[in-house]
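# Fold and geometry: a report
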Amino acid sequence: MTARSEFSKQTLSVLAALCAQPTAWQHGYAIARDTGLKSGTLYPILIRLADRGLMEARWEDEQPAGRPRRHLYRLTADGLASATAALAEVTPEVKAQARAGLTPRRRLSTQG
Amino acid sequence: MDELTRAMAAALRRSAALMPAGRREWIEAVLAEAAETPAGWQRLSWLGGGLRLTLPQAARARGLWYALAFATAATGIAWSAWSGPPGDSAIEVNRIDVIVITVILAGLPWVIRRACGPVASARLPRLMRTAGYVAVLALVLAKSAVERVADAPPNNRGGSAVAWAGEAAFLAVMVGYAAVILACTARRSPALPAATAIGTVTGIALGVMVYLLGPLGFPLRFTDPWPAHLYDAALALGAVVALCAPVAAGLAAARQAARTRPAGSRAGQGAIAGLCSGTAAALVVAVLSTATIAILPYDTGLQHWATGHVGQWTPAIGEVTPVLRSRVGYVAGNSAFAAGYLIVLLISPLAGCAFGAWGGYGRPGSRGLRMTKAWPWIRRSPIGARPASQDQ
């Protein structure tokens, strides 16, 4: 029997993406690309993580040429600890799926 | 595709206003990242996801739902009032009626907001404001249905000048009603929520009672003696209740005010409770009676009942002529009916306010004016008021 994580599979995939480079600031589209999540799923997760103090967010300091400033995300110390614990709790299969950045639909099909 | 993407981005940018201030940067983040996504369906899908983010917030924004509900109701009433031949004066009156009422009901909250603030955050004031607006819109809908017949030839004996004058008076009265509803339910309203609630509940009960005593706005006629006697007794009792109810509402409101407000405000709270009771009573009776008259041409059972119970009564203004079938009531509607309900709509709140103030002013124990001053023949005692004559 596997322990049930407090995070959904989609959240775990976001945490896994952020955990992959815990000190680096990542932007939304990069996380979406890594996790395969759509913006409508990804951003509510990012908002919840920020609200719970597990993730910090900031805007790029300088205005880059040719594109708008990015909103950047990074796990806090608490977030990193929670993410590491949550990823350790789940089964290796789920962890692998989260790290592989499979979309929920694809994950369901592989589970089935 | 580019136009669609631009439109979606613009919609997302605008929908950011629906989000709480602390959440808007997330919409800006979605917009910023949209530039990174490949152009075409992927970018459109990305922006669509951002819109999905704002939808729950939009659903939680009550103001948006109220605005949508109001727009839907106003559109429905306009559609109903608009039908008819273009040269018909009744249709022209109805169209002006709907346009002006919609503008008044949409614009007046902004005016009242400057003076009394936005709607109070509690559930009751919001419910009362919504119910008040529903009642005004229902009255406009029913009135337009009645006037389509009452102002059309050959019933428009007063001519179009009378119809337009009546319309102007009706719109002026409705401005007053909307202002009372909005002011009493605003955050910085001088009215105590309890005073407003007491007055409104009293008024609704009073309005229903008056409607039941004369659904078409006239006293009923009974041929058998016993029902006639019973009805006369009910009318007399109804008159007493109609006079006493605003006083009782004022008294109850003053009692509530005595707990939280300084002594000088008790009569004011009584007046507000009376004003609310008169406003609610007039609105309820006008809506119910006008709606009953509006369905009269389409309901043969109601026509049969009206023919048997209405008529042979000469009011101060105009003469009720018993006319069979669909025109019963409408002959009176063009003259006595319209004027009669305008008088009810005008007098009832003012009378309610005066009676309520009297009730609040004479509340036992109030420092402003005690019961002994309001009713000199009554002396206050520790166990309550009783006639002074008993002490002698």
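Residues numbered from 1 in each chain as written. Chains lettered and ligands numbered in written order. Predicted model: local features only at pLDDT ≥ 70, side-chain atom pairs only at ≥ 80, totals over all residues.

Bringing the overall build of chain B into the picture now. Per the secondary structure count, chain B includes 13 helices and two strands. Looking at chain B residue by residue over its 392 residues, the buried ones come to 40%. For chain B, the share of sequence-separated contacts (at least 6 apart) that also reach a separation of at least 24 residues comes to 74%. (Helix = DSSP H or I, 4+ residues; strand = E, 2+ residues; numbered from the N terminus. Buried ≥ 20, exposed ≤ 12 C-beta atoms within 10 Å, placed from the backbone. Contact = placed C-beta atoms within 7 Å.)

This next bit is on the overall build of chain A. Scanning chain A from N- to C-terminus turns up six helices and three strands. Sequence-ordered secondary structure for chain A, helices as α and strands as β, is α-β-α-α-β-β-α-α-α. Looking at chain A as a whole, 30% of its 112 residues qualify as buried. Counted over contacts in chain A with a minimum sequence separation of 6, partners at least 24 positions apart contribute 63%.

This part is about the environment of Gly359(B). Residues and elements named next belong to chain B. Position of Gly359 among the secondary structure elements: in helix 12 (residues 330–361). For Gly359 and Ala252, which are 107 residues apart along the polypeptide, the C-alpha to C-alpha distance reads 8.3 Å. Beyond its immediate stretch of four places on either side in the chain, Gly359 contacts Pro246, Val247, Ala248, Ala249, Gly250, Leu251, Ala254, Gly270 and Gly274.

This part covers helix 1 (residues 9–20) of chain A. For helix 1 of chain A, with 12 residues, the first-to-last C-alpha span of 16 Å sits near the 16 Å given by 1.5 Å per residue. Here helix 1 of chain A has its buried residues at Thr11(A), Leu12(A), Ser13(A), Val14(A), Leu15(A), Ala16(A), Ala17(A) and Leu18(A). (Expected span 1.5 Å × (residues − 1).)

By size, the foremost hydrophobic cluster in this structure holds 73 residues, and its most contacted members are Val136(B), Ala253(B), Ile272(B), Leu283(B), Val285(B) and Ala286(B). With 17 residues, the top contributor of residues to this core is helix 10 (residues 266–295) of chain B. Leave out the neighbours within four places in its chain, and Leu283(B) touches Ala135(B), Leu139(B), Tyr177(B) and Gly207(B). The next biggest cluster of nonpolar side chains, apart from the first, holds 34 residues, and it includes Leu42(A), Ile27(B), Val30(B) and Ala32(B). (Core = buried A, V, L, I, M, F, W, Y, C linked by C-beta atoms within 7 Å.)

Below, the discussion takes up the sheet that holds strand 1 (residues 26–27) of chain A. The strand order across the open sheet built from three strands is 1-3-2 (chain A), with neighbouring strands paired in antiparallel fashion. Each of the sheet's edge strands pairs with one partner strand only, and the pair in question is strand 1 and strand 2 (55–59) of chain A. (Pairing = 2+ DSSP bridges.)

As a further point, take the pairing of strand 3 (residues 71–75) of chain A. All names here are of chain A. Of the two faces of strand 3, only the one carrying His71, Tyr73 and Leu75 is buried; Leu72 and Arg74 on the other face are not. Bridging between strand 1 and strand 3 involves two bridges; their strand directions are antiparallel. The residue bridging Gln26 from the neighbouring strand is Tyr73, located in strand 3. Bridge analysis of strand 2 against strand 3 gives five bridges, and the strand direction is antiparallel. Bridge assignment links Trp59 to a residue of strand 3, and that residue is His71.

Moving on: the interface of chain B and chain A. Listed by partner, the interface residues are 16 residues for chain B and 14 residues for chain A. The set of elements that each furnish at least two residues to the side of chain B that touches chain A consists of helix 2 (24–34) and helix 3 (41–60) of chain B. For the side of chain B that touches chain A, the element with the highest residue contribution is helix 3 of chain B, accounting for seven residues. Each residue belonging to the side of chain B that touches chain A can be placed in one class, and the counts come to seven nonpolar, five polar and four charged. (Nonpolar A, V, L, I, M, F, W, Y, C, P; charged D, E, K, R; others polar.)

Before going further, it helps to spend a moment on the packing of helix 1 of chain A against helix 2 (residues 28–35) of chain A. Residues and elements named next belong to chain A. Running from N to C, helix 1 and helix 2 point in directions that differ by 115°, and their axes come no closer than 9 Å. Judged by the twist between their axes, the crossing of helix 1 over helix 2 is right-handed. Between helix 1, through Ser13, Val14 and Ala17, and helix 2, the contact on the second element is made entirely by Ile31, Asp34 and Thr35. Along the lines of polarity and charge, the residues of the contact of helix 1 with helix 2 split into three nonpolar, two polar and one charged. (Axes fitted to C-alpha atoms, helices over the stretch in contact; angles between N-to-C directions. Left-handed = near helix turned anticlockwise from the far one by under 90°.)

Worth remembering: the numbers are spatial, not functional.
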